[in-house]
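Structural features, examined
Residues per chain are reported as follows:
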Amino acid sequence: MKKTSLKFWVASILGMAILVGGCASHQTGDSKGELATSSDQTDNQKRARIRLQLAIGYFEQGQSSVALDELKQALTADPAMSDAYNVRGLVYMGMGETQLAEENFLHAIKLAPNDPDLSNNFGWFLCQSGRPAQAIPYFESTLSNRTYQSPAKAMYNAGVCSLKLNDQAAAERYFLQAFKIDPANPSVSASLARIYYDRHDYERARFYIGRVTKADVMNPDVLWLAIKVEHRLGDKAAEASLATQLRRRHPNSPEFASYQRGAFDE
């Protein structure tokens with residue numbers, strides 16, 4: 001399970017946790033023109049919400065089997081809970097159970113076709129399952145929904161999928177849009193830095209990768225990219241400083257081995 005993927009699954013779950021604690025978006029049966037609140041929920045729905053919150057907590061802790069059991073109990077209490085199917089899709093995705101994940105995402109979307117979180121999560125699933133072209137419309141659907149609370153996340157996801165499609169222009173556009181909304185996101189800045197490095201626009205690459213290193217995000221791939229940028233720009237002092245950090249923090253990494261070989265063009 002890749003760390004980057006896990007990060008997005010957890011991010012999606014955190015968004016869901018906010019939803020669990022908030023109000024439902026359905027109209028009540030008795031009062032026209034009102035939004036349903038927690039007091040309108042049946043006892044079964046309240047029990048299901050509690051089980052869903054527990055499932056999210058267990059999933060964040062890496063206890064997928066326990067999370068699945070809690071989700072089973074949530075759906076026993078409320079079989080129409082789209083959020084539970086959404087989370088179960090994420091859990092199965094994390095476990096590598098592709099078919100089960102897809103079945104749960106599709107059922108969640110069937111229950112709540114206008115939920116932007118569902119569109120974003122299913123789009124990310126499609127992207128990670130080798131179907132990036134199918135994923136883009138789901139991200140666009142998410143972004144067209146004005147109620148969506150995390151547009152930068154969907155923009156970043158769309159950018160990643162665009163790269164899988166070898167469409168750097170679209171990826172750049174999505175990443176720049178995400179950067180405008182969330183300039184502190186290191187994944188967005190790192191992605192832009194990689195695009196500009198590949199384009200030989202080293203000054204712009206330096207700007208974006210510098211934001212990542214200044215945020216003390218010192219993953220080996222980030223440090224190696226920063227080293228390559230400084231190497232291209234001829235700043236030997238900056239290159240040496242970053243190389244020292246790479247050696248100190250990740251001495252056994254493939255990136256440090258590449259640096260030792262002088263493999264700047266690999």
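That block above? That's the structure.
Attention in this report is confined to the structure presented alongside it.

If you walk through the whole model with that rule in mind, you get 1 disulfide. Residue pairing for Cys127: its cysteine sulfur links by disulfide to Cys161, the two sulfurs lying 2.1 Å apart. Residue Cys127 is located in helix H6 (residues 116-128), and its partner Cys161 is located in helix H8 (residues 151-164); the two are separated by 34 residues in the primary sequence. This pair shows no difference in class: Cys127 is buried, exactly as Cys161 is.

Right, let's talk about the side chain of Ser191 for a bit. Along the chain, the position of Ser191 falls in helix H10 (residues 186-198). On the basis of relative accessible area, Ser191 is assigned to the buried category, the value being 8%. Within polar-contact distance, the side chain of Ser191 engages the backbone oxygen of Ser187 at 2.8 Å. Excluding anything up to four places from it in sequence, Ser191 contacts Tyr156 and Phe175.

Looking at the element boundaries, Phe175 is found in helix H9 (residues 168-181). Of the residues examined, Phe175 reaches a relative accessible area of 0% and is grouped as buried. A sequence separation of 19 residues divides Phe175 from Tyr156, and the C-alpha atoms of the two residues are 5.7 Å apart. The residues contacting Phe175, other than those within four sequence positions of it, are Tyr156, Gly159, Val160, Leu163, Val188, Ser191, Leu192 and Ile195.

The rules behind the values
Residues numbered from 1 in each chain as written. Predicted model: local features only at pLDDT ≥ 70, side-chain atom pairs only at ≥ 80, totals over all residues. Heavy atoms only, no water. Disulfide = S-S within 2.5 Å. Helix = DSSP H or I, 4+ residues; strand = E, 2+ residues; numbered from the N terminus. Buried < 20%, exposed > 50% of the residue type's maximum accessible area, 1.4 Å probe, protein only. Polar contact = N/O pair within 3.5 Å; in protein donor to acceptor, adjacent residues only side chain to side chain. Contact = heavy atoms within 4.5 Å.

Any link to function would need more than the numbers given here.
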